[in-house]
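Remarks on the overall topology
One letter stands for each residue in the lines below.
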Amino acid sequence: ESIGEKLEERFDVIISNGAFCLLPNKKVGFAECFKLLKNGGKIAICTTVIKTSLEEGVEWPLCMQTFARIDELVPMLEGLGFVDIEIDVSDSLMEVEEEDTTFEGESRREDENNVDTPGDEMDD
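These lines cover the structure that appears in this document, whether it is placed above or below. None of the values given here were measured: they were computed from a predicted structure.

Definitions and limits used
Residues numbered from 1 in each chain as written. Predicted model: local features only at pLDDT ≥ 70, side-chain atom pairs only at ≥ 80, totals over all residues. Heavy atoms only, no water. Core = buried A, V, L, I, M, F, W, Y, C linked by side-chain atoms within 4.5 Å. Buried < 20%, exposed > 50% of the residue type's maximum accessible area, 1.4 Å probe, protein only. Helix = DSSP H or I, 4+ residues; strand = E, 2+ residues; numbered from the N terminus.

With respect to the nonpolar core
- Judged by nonpolar contacts, Ile14, Phe20, Phe30, Cys33, Leu37, Ala68, Leu73, Met76, Leu77, Leu80 and Phe82 together constitute the single largest core of 11 residues.
- Sorting the residues of this core by element identifies α2 (26-36) and α4 (70-80) as the ones contributing at least two each.
- If you tally residues by element for this core, the top one is α4, at four residues.

Details of unusual backbone geometry
- The phi dihedral of Glu9 is positive, around 50°, even though this residue is not glycine.
- Relative to the assigned elements, Glu9 resides in the loop between α1 (3-7) and β1 (11-17).
- Glu9 sits in the exposed class, given a relative accessible area of 57%.
- In this model, Asp84 sits at a positive phi of 55°, which is unusual for a non-glycine residue.
- The topology assignment puts Asp84 in the segment after α4.
- On the accessibility criterion, Asp84 (73% relative accessible area) is exposed.

Purely geometric stuff here, so don't read any function into it on its own.
Listed below in structure tokens is the structure:
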């Protein structure tokens, strides 16, 4: 008998505050939680999510690449056997809209490292 088998259906409640967003495979993480919960057990997860897919071709930070899409959570959780799923975004403080960062009237070039170097336009 493995340690995992000893823990199955052992807990009434599982709480995670901020760590779930870093799991590379959310489905596996939630499936493990489901196995650990007793019948009728509850889970409360506070995690960062994204509303849409990240733009292709952009080198996003690793943490953002692991965020789940909010619209994919309920179907995934239902597929794992969770019921009475509630997603509460009422206190979402990290609402960020992308801004257009076009620079008008500025002459800039990119160096070999793809870093904007203001003032280098005089080197041409």
